[in-house]
Amino acid sequence: MNGIKIRGTGRGVPEHIVTNDDLARIVDTSDEWITARTGIRHRHHLQAGETITDLTVAAARGALEKAGVAPEDIGACIVATLTPETLVPSAACQVQRALGLPHDTICFDLNAACTGFLFALHTMECLLNASPRKFGLVIGAENLSRVTNWADRGTCILFGDGAGAAVVECREGWSSISAVLGCHGTGGMLRIPGPETGVPCHVYMEGTKVFKFAVEAVPWCIDQVLHRAGLTVDDVDFFVFHQANARIIDLAVRKYRIPQEKYYKNIGEYGNTSAASVPLVLSELEESGRVGPGSRVLTVAFGGGLTWGGAVVEFA
């Protein structure tokens, strides 16, 4: 199977910022408490009249412009999300309409929670191998503020809204992204009930258990991806972690002795944006010039489901 590389990235983030002090006015918490335990200082939230479609389309437009790829060249569009504006039409179909993608473009949403962008990358790699058009649009987007319980101080401090996108290209002779993906198939630790369950459609999470799962899943994914790709830590130019908790990232950095110039944290600004987390980091890294043509990036994520994943993706 031919592999894919990233041609360009983009992002869409709400202008409205919610600080830790803002949250301290509605629940029993403080800036010091939140920062020490999560690394989060701000998060961006959609306001009345704004939609996740606005963010998704903005991120997609930015990625297309950065990549120098026209909408008519896109063979498939996948939006990784658990909070679409509407169940039908899908977020991807809304992007197709807004951007004028060809009518035969494969468009659908994918829900693998915070690991969704990596699931979508691997799925896109498979789709483009069979597509006559070799460019794909992969987007991670979330409106988590709509599923947040504002009376639960353990979860309301964590989540933000946003979208990140990548235009990828499939070409003969390119290596696979060596994706490692999986799930436990359990909702005991982390879940969002559906509309027919008779309970509020809010995030329910047992934070301590999820933390323990994450600190085991992240190094396992790194080891598996490196083995599958035939690489070492030194062969990787940059590590991109799902931005769920700064302490989880710090533990992985210490374990693998990753130098400061080879990883990045933006959780302080955005909080946990679920499927948008990884592509938001990629977009900021590309914009700042810290990654670019030829950069080899190892990405790792984990989330509800419980899902986990990792991949090695290069910038074309």
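Residues numbered from 1 in each chain as written. Predicted model: local features only at pLDDT ≥ 70, side-chain atom pairs only at ≥ 80, totals over all residues. Heavy atoms only, no water.

### Digging into the overall build of the protein chain
- Within the protein chain, the secondary structure is distributed over 9 helices and 13 strands.
- Taking 2.2 N^0.38 as the reference for a compact globule, 316 residues should give roughly 20 Å; the C-alpha atoms of the protein chain span a radius of gyration of 18 Å, in line with that estimate.
- Relative to its full complement of 316 residues, the protein chain shows a buried share of 56%.
- Considering only contacts within the protein chain whose residues lie at least 6 apart along the sequence, 76% involve residues at least 24 apart.
- When the accessible surface of the protein chain is totalled, it reaches about 13,200 Å², and 49% of it is carbon and sulfur.
- A distance of 5 Å separates the average location of the 27 positive side-chain charges in the protein chain from that of its 34 negative side-chain charges. (Helix = DSSP H or I, 4+ residues; strand = E, 2+ residues; numbered from the N terminus. Rg over C-alpha atoms; globule rule 2.2 N^0.38 Å. Buried < 20%, exposed > 50% of the residue type's maximum accessible area, 1.4 Å probe, protein only. Contact = heavy atoms within 4.5 Å. Areas by Shrake-Rupley, 256 points an atom, 1.4 Å probe, with all protein chains shown as cover. Lys, Arg positive; Asp, Glu negative; His and termini not counted. Charge placed at Lys NZ, Arg CZ, Asp CG, Glu CD.)

### Brief notes about the side chain of Thr83
- By secondary structure assignment, the location of Thr83 is in the loop between β4 (74-80) and α4 (91-99).
- By relative accessible area, Thr83 is classed as buried at 2%.
- One polar contact links Thr83 to Glu142, side chain to side chain, over a distance of 2.7 Å.
- In this view, Thr83 contacts Ile52, Ala141, Glu142, Asn143, Leu144, Arg146 and Val147; residues no more than four positions away in its chain are not counted. (Polar contact = N/O pair within 3.5 Å; in protein donor to acceptor, adjacent residues only side chain to side chain.)

### Quick notes on the packing of helix α3 (residues 52-67) against α4
- Viewed as axis vectors pointing N to C, α3 and α4 meet at an angle of 60°, and their least axial separation amounts to 10 Å. With respect to each other, α3 and α4 are oriented oblique. In terms of crossing hand, the pair formed by α3 and α4 is right-handed. In contact with Thr53, Thr56, Val57, Ala60, Arg61 and Leu64 of α3, α4 contributes Gln94, Val95, Ala98 and Leu99.
- Here the residues of the contact of α3 with α4 are counted per class, giving 6 nonpolar, 3 polar and 1 charged. (Axes fitted to C-alpha atoms, helices over the stretch in contact; angles between N-to-C directions. Parallel < 35°, antiparallel > 145°, perpendicular 65-115°, else oblique. Left-handed = near helix turned anticlockwise from the far one by under 90°. Nonpolar A, V, L, I, M, F, W, Y, C, P; charged D, E, K, R; others polar.)

### Concerning a negative patch on the surface
- A cluster of like negative charges, contributed by Glu15, Glu50, Asp54 and Glu85, occupies part of the molecular surface.
- Mapped onto the elements of the fold, Glu15 is located in the loop between β1 (3-12) and β2 (17-19). (Patch = residues over 30% accessible without salt bridge, like charges linked within 9 Å, V, L, I, M, F, W, Y side chains within 5 Å. Salt bridge = Lys/Arg side-chain N within 4 Å of Asp/Glu carboxyl O.)

### Quick word on the nonpolar core
- Counting residues in each nonpolar core, the largest one holds 44 residues, and the members touching the most others are Val218, Ile222, Phe239, Phe241 and Leu298.
- Residue assignment for this core shows that the elements contributing at least two residues are α6 (207-229), β11 (238-241), α7 (246-256), β12 (296-303) and β13 (305-315).
- Among the elements that take part in this core, α6 stands out by supplying 9 residues, more than any other.
- Once you skip the residues sitting within four places of it in the chain, Val218 turns out to touch Phe241, Ile248, Ala252, Val300 and Phe302.
- Grouped together as the second largest cluster of nonpolar side chains are 33 residues, Ala76, Leu110, Leu121 and Leu128 included. (Core = buried A, V, L, I, M, F, W, Y, C linked by side-chain atoms within 4.5 Å.)

### A look at the pairing of strand β7 (residues 161-171)
- Among the 11 residues of β7, 10 are classified as buried, and the element is accordingly described as predominantly covered.
- Relative to β7, β1 is paired through 9 bridges, and the arrangement is antiparallel. Opposite Gly3, over in β7, you have Arg171 as the bridge partner. (Pairing = 2+ DSSP bridges.)

### Focus: the side chain of Thr148
- Relative to the helices and strands, Thr148 resides in the loop between β6 (135-143) and β7.
- A relative accessible area of 5% places Thr148 in the buried class.

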